[in-house]
Structures are given as structure tokens and as C-alpha cells.
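What follows is each chain in one-letter form.
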Amino acid sequence: VLLHGLGRNKASMWLLASRLEEAGYYVQRVGYSSLHQNPDEILKDISSQINQCCQNHTQSVHFVGHSLGGLMVRAYLENNKVDKLGRVVLLGTPNKGAEAADHFSNSWLLDILGPTAKALGTDDNSFPSSLKPPYYPVGIIAGEIDSNINDSVIPGKDDGIVSVEATKIDGMTDFIIIETGHSRMRYSREVADQTIEFIKNGEKHE
């Protein structure tokens with residue numbers, strides 16, 4: 001089950017989906033309106049789609065989420081039981097919240113991006129902070145580029161949108177940093193290969 005990030009749609013995940021299919025997986029891409037719905041509305045939307053396609057599946061069901069999609073995967077699994085739940089891979093997901101959302105909290109930019117973008121900060125009341133640690137095997141892929149973004153906006157190493165540190169989560173099974181930007185992760189062969197490796201074996205490929 002493949003979920004896209006903020007401001008995208010399920011078509012944006014086509015290349016990663018095709019690589020997963022080449023590896024032998026049946027892929028269900030889940031779409032949602034990230035710019036017009038709040039997190040609860042998105043969760044209701046994706047839950048309906050996932051329940052329809054996967055709740056009675058006879059084989060293992062794995063989840064891959066890019067950015068916001070990873071948070072929605074976590075929210076779904078917190079609220080729904082999947083009998084054949086396999087492994088989860090989160091790509092550039094701001095599990096500790098997005099520092100950039102804090103920096104631009106009073107900006108017109110977040111007004112354009114909608115209610116969910118406003119909920120992605122690092123404070124205790126944010127959407128990421130509301131999620132519980134995973135009870136399932138989860139692999140984290142963080143991106144890193146020379147973004148030249150001031151540390152006051154995104155501290156430390158980052159993928160141009162999300163800091164490496166923000167992708168980490170208590171209870172994660174494995175973690176890897178790949179040289180790629182936030183949006184480009186969806187198209188990266190290395191990201192796809194590491195995703196497939198974790199789904200198959202529960203660890204990154206060395």
C-alpha cells in the first residue's frame with residue numbers, strides 16, 4: 001500500500017510503484033486531498049480505501065509512505081488492525097514534526113498549503129506528536145542534500161524539506177540516509193532498492 005505526500009496525488013508515486021511491481025508485489029496506490037482536508041479527514045478517506053482493498057487480503061500487507069504519507073500510514077495502523085500486516089517503510093517522513101512548519105507557521109505559505117500543513121510542526125499539539133510509537137517493523141529512509149537552507153529554518157542535515165533528525169522515531173527497526181532530495185526520493189532507484197530490501201528482509205541492504 002503506497003501513500004504519497006503533501007500536495008501530490010497517487011499518480012506521483014508511479015515510478016516507485018512500478019519498481020515494487022517489478023519486484024513481485026501487487027501495489028495499491030492510495031490518494032487523498034492533502035491541501036483541503038485536515039488530518040482526521042484524510043485518515044477517514046484513506047481508511048475507507050485501505051479497508052476496501054486490503055483488510056481481507058490473504059498475503060502480507062506492507063505499507064510505504066512518502067513524507068506526510070508516512071504519517072498517515074502510522075495514523076491508519078494506530079486506528080486499524082491489519083491481520084496480515086507486514087513491514088512499513090517511511091520515506092522522508094517528519095516523524096518528529098517539520099521544523100520548516102514551525103518557521104513558516106505565520107506565513108501565507110502555510111495558508112495556501114492548507115490545514116494539514118499547519119498541523120505538521122514540532123510542538124506537543126502537532127499531528128506528528130499525537131502518534132504513538134510503532135508496534136510493527138518500520139524502516140526509515142532519510143534524504144540528505146547540500147540544501148543551503150539556514151539552520152534556523154531546518155537545523156542540521158536535511159533533504160531540503162525535512163531534517164534527517166526529524167525522520168527518526170522511537171522503536172524504528174532500521175534507518176538509512178540516502179543522498180537525495182525530498183521530492184526526488186520518489187524517483188530514486190536506491191530508495192526503491194532499499195525499500196524492497198526492507199520489505200523482504202526487515203533490514204537495509206549494506
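For the structure, see preceding data.
Okay, so let's go over this structure. The structure displayed is predicted, hence computed values, not measured ones.

Moving on: the packing of aromatic side chains. Under the counting rule described, the total for this entry stands at two aromatic pairs. Relative to tyrosine 136, the ring of tyrosine 135 lies with its centre 4.9 Å away and its plane at 80 degrees, an arrangement referred to as edge-to-face. Exposure remark for tyrosine 135: the relative accessible area of 54% places this residue in the exposed category. The cationic tip of lysine 168 hangs over the ring face of phenylalanine 175; the distance from NZ or CZ to the ring centre is 5.4 Å.

Once that is clear, we can look at the side chain of threonine 93. Among the structural elements, threonine 93 can be located in the loop between strand 4 (85–91) and helix 4 (99–103). Within polar-contact distance, the side chain of threonine 93 engages the backbone oxygen of serine 67 at 3.0 Å. Every residue in contact with threonine 93, bar those within four places of it in the chain, is listed here: Gly65, His66, Ser67, Gly70, Leu71, Ala166 and Thr167.

Looking now at the packing of helix 2 (residues 39–54) against helix 3 (residues 68–79). Contact geometry of helix 2 with helix 3 gives a least axis separation of 10 Å together with a crossing angle of 70 degrees. Classified by the angle their axes make, helix 2 and helix 3 are roughly perpendicular. Where helix 2 crosses over helix 3, the two elements pack in a sense that is right-handed. Facing Pro39, Ile42, Leu43, Ile46, Ser47, Ile50 and Asn51 of helix 2, the residues of helix 3 in contact are Met72, Ala75, Tyr76 and Asn79.

What follows covers the nonpolar core. Ranked by size, the top nonpolar core spans 33 residues in total, and within it Ile46, Phe63 and Met72 carry the most contacts. Of all the secondary structure elements, the ones that give two or more residues to this core are helix 2, strand 3 (61–66), helix 3, strand 4 and strand 5 (138–143). For this core, the leading source of residues is helix 3, giving seven residues. Once residues lying within four places of it in the same chain are set aside, the contact partners of methionine 72 are Leu3, Tyr32, Pro39, Ile42, Leu43, Ile46 and Phe127. In terms of nonpolar packing, the next biggest core, distinct from the first, is built from 18 residues, Leu20, Val27, Ile141 and Ile178 among them.

What counts, and where the lines are drawn
Residues numbered from 1 in each chain as written. Predicted model: local features only at pLDDT ≥ 70, side-chain atom pairs only at ≥ 80, totals over all residues. Heavy atoms only, no water. Phe/Tyr/Trp six-rings, centres within 6.5 Å; stacked < 30°, edge-to-face > 60°. Buried < 20%, exposed > 50% of the residue type's maximum accessible area, 1.4 Å probe, protein only. Lys NZ or Arg CZ within 6 Å of the ring centre and 35° of its normal. Helix = DSSP H or I, 4+ residues; strand = E, 2+ residues; numbered from the N terminus. Polar contact = N/O pair within 3.5 Å; in protein donor to acceptor, adjacent residues only side chain to side chain. Contact = heavy atoms within 4.5 Å. Axes fitted to C-alpha atoms, helices over the stretch in contact; angles between N-to-C directions. Parallel < 35°, antiparallel > 145°, perpendicular 65-115°, else oblique. Left-handed = near helix turned anticlockwise from the far one by under 90°. Core = buried A, V, L, I, M, F, W, Y, C linked by side-chain atoms within 4.5 Å.

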